[in-house]
Amino acid sequence: MLKAHLSHKVDAFIQLMRPFIFRPSSPATSYSVLILAIFVWTLWGPCAHAQSITDRLTGSPKVPWQISADTVAYDAKSTTYHARGNVIIEKQAARLVADVVSFNHKAMTASAAGHVVMTVGDDILTGERLELNLNQETGVVHGGTVFLKENHFYIHGERIEKTGKDTYRAEKGSITSCDGDRPDWIITGRTLKVTIEGYGSATHAVLRARGVPVLYTPYILFPAKTKRQTGLLFPEAGYSDRKGFAWDQPLFWAISDSTDATLYTHYMQERGAKIGLEYRYALTDASFGAIMADGLQDRKIDDGTPDNTIKWGYADDAYDRPNTDRYWLRSKLDQELPWGALARLDLDIVSDQDYLTEFKDGRSGFNETRDYFLEAFGRDLDTYDESTRTNRLNINRTWSKFTLNGDLLWNDNVTNRRWEASDDTLQKLPVIEFNGAKQQAIDTGVYWDLDSEYTYFYREDGQRGHRTDLYPRVYLPLKWKNYLSLEPSTGWRQTAWVMDRWEDDTLDHSTYRQIYDARLDLSTEFSKVMGSPVAAVDRIRHSVKPQVIYEYIPDQDQSDLPFFTDLDRIDEKNRVTYSLTNTFTARTAKNARSSTTTGDGAFFTEEERLPDRMLADPPAPAPFDYNRFCRFYLEQSYDIAAAREDLPEPFSDIYGELDFNLGRYFIMDTDARYNTYDARFSTHNVGAAVVDHRGDRLWMEHRYEKDAYESIRGTLSVKITDHLTARGEYERNLLDERDIIKGAGFLYTAQCWSVDFFYAVEGADNKFSFFINLMGIGGFGQ
């Protein structure tokens, strides 16, 4: 429709303007060449698939075409216009250069010869001769090359033919994404066909590396897509002791602009075929979801015998895995509801306790799924080795000072379900919470907040019942100038239970508890701004905040109350907690202006700063970047009640946190608990990452809890050259003196290809991965 409309308009325009613009002595710049350019670009723009014809060709109607040539003539007998000698036609991103350009407006054919160069944006077509049929939208370039920037494709051929709107055919052609006259890799073929936003194919194809043939196939199919479109994705292949040779072939289905799906067929030599499906949709920015499922009939089982447990089970697992029917269903959905409410659904249902350990890796494995859920929904999964999986439906409504949450929470105990064992896993069906944020009571200096909850607790085997909890709290914040903050507060908790099933029938089925608590929060904060030894940092602010909190809850007998969660047993508390927080913040000026400081170098506070209207010449605001690069926190409690009862250890462990963040080069997070009575750490966890300017990276983590676990884990990436990177990974259980995983590999990256190899030993399983990626074409391996 658009092309026919343009053709009609151009013909009419030619007839109207012929007496004025087609004269033997007319200048070289002529509107006839403009008409020719319009139709050339309508047909042959190498990336016409990426934008509309009008946008890419004509650009802004206010911008004229710039045309130059040595001569322009019109042959009335053949109804053909000829532009000769250094022909250049350009407008914004469109440009055609040739020695000769001709256009027959009746036959709607055009040709260009001699050093033909055509560009649209960053896409380029070059050739010796170009012939176009504008009616049929076809054409031929001889001795040509097409460069498609978005894919970084070079398509060469003795004869490149445009056979349709988005289809090309090249005789004795080749394709590569490598720059230079001697590409690192190139695929040559007797006949090469490419469909933009579809697939390309080549017959008698040869993959050459630096001109050396390395692979021949009578037929090859490759993607030529920049947009989401239905079709096969590149497969993954690999080998491991537990699975044997494996091939995972995904099929992507672009159902509509707002929905798509991926179907996986994962063949494993030792285990069978695992079929998977992922369905994704996005109705609005707040209504979207993903549903994923996969399963297989496993050829191998863990029946508890030593050989089968070593080969097909996991030694750390207390349960066998005799089932062959294996599956995993998981989903996360967000949905807008009327009246400003929002619903969220999380599903996580797995066949057995080993499934997620078995299939951690791969496109549809646990790690990929978890990363996707965190990125798209901001909600995590239970760890892969957790046998009780969380399933939840949440509906919430938020106001400025209040929130309403409703949950249906089902904790699926996989081992109990699989073994049909007695199941006392606690379910909450439902939980309804109505909470009020801390807010001022009318115009007084008193503040209050509210936590309230109703829960029905359900167990398949065990006690069941209702619980209602109401917990208002009142605060009176006081402040002495800028030196001291004091905040007393008190809360009154009221809890009621109504039991459906009581383990002890002699107790009342309805019971009630009320209990109060008191708290006193005393704190101050002082700081100093100092110069920085680092030139890139303008100032460093060191803030110190000491804090003392006193908490009191009276001793109350609760032994006759039902017990579902810790809220049902509120222990006596008569405790003082003291803490010290040190914070270092760097200020970096975005321009040369510096901020106003006091004489001693400290920043003005809001109270101390004079309004700009009181200054004779108010300074322009200077923007700054602020980065809290270090935080050091220490805390300890003293239990007054324990001391009065002469208990041996009234002082708690000293708890500390130390965080460093020095931008992209160094990050460290640590926490620890130190027992002053035993003079040893109860727990400590350290994680640190170091990166240098070359791109070398070391990440280490050490985790320890007394008499429970101790492990170390690390990854190392060393950039040996600009192209070659060596990688390693190691994890060890120090308590059991057992390696969990150890592996090494390398990544070689060139301008247009890369190869990634990694070998790892994980338990009794030896695994290797090998991945070759040809840029623009895709990769092969796992």
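Conventions used here
Residues numbered from 1 in each chain as written. Predicted model: local features only at pLDDT ≥ 70, side-chain atom pairs only at ≥ 80, totals over all residues. Heavy atoms only, no water. Helix = DSSP H or I, 4+ residues; strand = E, 2+ residues; numbered from the N terminus. Buried < 20%, exposed > 50% of the residue type's maximum accessible area, 1.4 Å probe, protein only. Contact = heavy atoms within 4.5 Å. Areas by Shrake-Rupley, 256 points an atom, 1.4 Å probe, with all protein chains shown as cover. Salt bridge = Lys/Arg side-chain N within 4 Å of Asp/Glu carboxyl O. Disulfide = S-S within 2.5 Å. Polar contact = N/O pair within 3.5 Å; in protein donor to acceptor, adjacent residues only side chain to side chain. Expected span 1.5 Å × (residues − 1). Arc of directions from axis to C-beta. Pairing = 2+ DSSP bridges. pLDDT = per-residue confidence, 0-100. Phe/Tyr/Trp six-rings, centres within 6.5 Å; stacked < 30°, edge-to-face > 60°.

What follows covers the overall build of the chain. A tally of regular secondary structure across the chain gives 8 helices and 42 strands. Looking at the chain residue by residue over its 782 residues, the buried ones come to 40%. When contacts within the chain are restricted to residue pairs at least 6 apart in sequence, long-range pairs at least 24 apart make up 48% of them. Accessible surface computed for the chain: about 42,200 Å², of which carbon and sulfur atoms make up 56%.

This part takes up the pattern of salt bridges. One pass over the structure, following the stated rule, counts 43 salt bridges. For the salt bridge of R694 with D696, the shortest nitrogen-to-oxygen distance reads 2.7 Å. Residue classification places D696 among the buried residues on the basis of a relative accessible area of 13%. Overlapping salt bridges, with partners in common, bring together R242, R271, D298, R321, R326, D352 and E358 in one network.

Turning to its location among the elements, Q249 is positioned in strand β15 (residues 244-253). Along the sequence, Q249 and Y267 sit 18 residues apart, while their C-alpha atoms lie 8.4 Å from each other.

Following the criterion strictly, the structure yields 1 disulfide and no others. What pairs with C178 in a disulfide is C752, and their sulfur atoms sit 1.8 Å apart. Given an S-S torsion of about 80 degrees, the disulfide between C178 and C752 has right-handed geometry. Here the residue C178 occupies a position in the loop between β9 (167-176) and β10 (185-195), and C752 occupies one in the loop between β39 (738-749) and β40 (753-762), the gap between them amounting to 574 residues. With respect to class, C178 is no different from C752; both count as buried.

Examined against the element boundaries, S102 turns out to sit in strand β4 (residues 94-104). By relative accessible area, which is 12% here, S102 ends up buried. A polar atom in the side chain of S102 sits 2.9 Å from the side chain of H82.

The next point concerns helix α6 (residues 366-377). The terminal C-alpha atoms of α6 lie 16 Å apart, and with 12 residues this matches the ideal 16 Å at 1.5 Å per residue to within 8%. Along α6, the residues classified as buried are F366, T369, F373 and F377. Along the axis of α6, the buried positions cluster into a sector of 65 degrees, meaning they face one direction only. Against the buried residues of α6 lie β18 (288-297), β19 (325-336), α5 (355-358) and β21 (388-398). Positive phi shows up at G378, right after α6, with a value of about 70 degrees.

Our focus in this paragraph is unusual backbone geometry. The general pattern is negative phi for most residues beyond glycine and trans for most peptide bonds. Residue P430 is bonded to the preceding L429 through a cis peptide linkage, with omega at 5 degrees. On the secondary structure map, P430 appears in strand β23 (residues 427-440). For W339, which is not a glycine, the phi torsion comes out positive at approximately 65 degrees. By the element assignment, W339 lies in the loop between β19 and β20 (342-350). Phi at D646 is positive, roughly 60 degrees, even though this residue is not glycine. As for its position among the elements, D646 is in the loop between α8 (640-644) and β33 (654-661). On the basis of relative accessibility, which here comes to 70%, the residue D646 falls in the exposed class.

One ladder, built from 9 bridges, connects β4 with strand β5 (residues 109-120); its direction is antiparallel. When the bridges of β5 are listed, R95 appears paired with T119. A loop of 4 residues connects β4 with β5, the two strands running antiparallel in sequence, and M108 in this loop sits at a positive phi of about 55 degrees. Pairing geometry for β5 and strand β6 (residues 123-133), over 10 bridges, is antiparallel.

What follows deals with the environment of V761. With respect to the helices, strands and loops of the structure, V761 is situated in strand β40. Sequence-wise, V761 and I740 are 21 residues apart; in three dimensions their C-alpha atoms are separated by 8.2 Å. Beyond its immediate stretch of four places on either side in the chain, V761 contacts I740, I741, K742 and N766.

To continue, consider the pairing of strand β36 (residues 697-705). Pairing analysis gives 9 bridges linking strand β35 (residues 680-691) to β36, with the strands arranged antiparallel. Across the sheet, the residue bridging to N685 is R703, located in β36. Counting the residues in the hairpin turn of β35 and β36 gives 5 residues, including G695, whose phi is positive at 110 degrees. Relative to strand β37 (residues 709-719), β36 is paired through 9 bridges, and the arrangement is antiparallel. Each residue of the ladder has a partner; that of H702, found in β37, is I712. The hairpin formed by β36 and β37 contains 3 residues between the paired strands, and D707 there has a positive phi angle of roughly 60 degrees.

In the predicted model, the chain carries a mean pLDDT of 83, and 85% of its residues have values of at least 70. Counted against residues more than four places away or in other chains, residues 1-59, with its pLDDT under 50, gives 117 contacts. In the model, residues 592-616 has pLDDT below 50 throughout and makes 29 contacts with residues more than four positions away in sequence or in other chains.

Here we come to the packing of aromatic side chains. Summed over the entire model, instances satisfying the criterion amount to 25 aromatic pairs. Here Y81 and F103 contribute two aromatic rings whose centre-to-centre distance is 6.4 Å and whose plane-to-plane angle is 35 degrees, an arrangement assigned as tilted. Highlighted residues: Y81 in strand β3 (residues 80-91) and F103 in strand β4, separated in sequence by 22 residues. A relative accessible area of 4% means that Y81 is categorised as buried. Between F366 and Y384, the ring centres sit 6.1 Å apart and the planes meet at 70 degrees, which makes this aromatic pair edge-to-face. Residue F366 is located in helix α6, and its partner Y384 is located in the loop between α6 and β21; the two are separated by 18 residues in the primary sequence. Residue classification places F366 among the buried residues on the basis of a relative accessible area of 1%.

Before going further, it helps to spend a moment on the side chain of R587. Note on placement: R587 falls in strand β31 (residues 573-589). A polar atom in the side chain of R587 sits 2.4 Å from the side chain of D538.

The next subject is the environment of L507. As for its placement among the helices and strands, L507 is situated in the loop between β27 (484-501) and β28 (510-523). By relative accessible area, which is 28% here, L507 ends up partly exposed. In this structure the C-alpha to C-alpha distance between L507 and D560, which are 53 residues apart in sequence, comes to 7.4 Å. In this view, L507 contacts W502 and D560; residues no more than four positions away in its chain are not counted.

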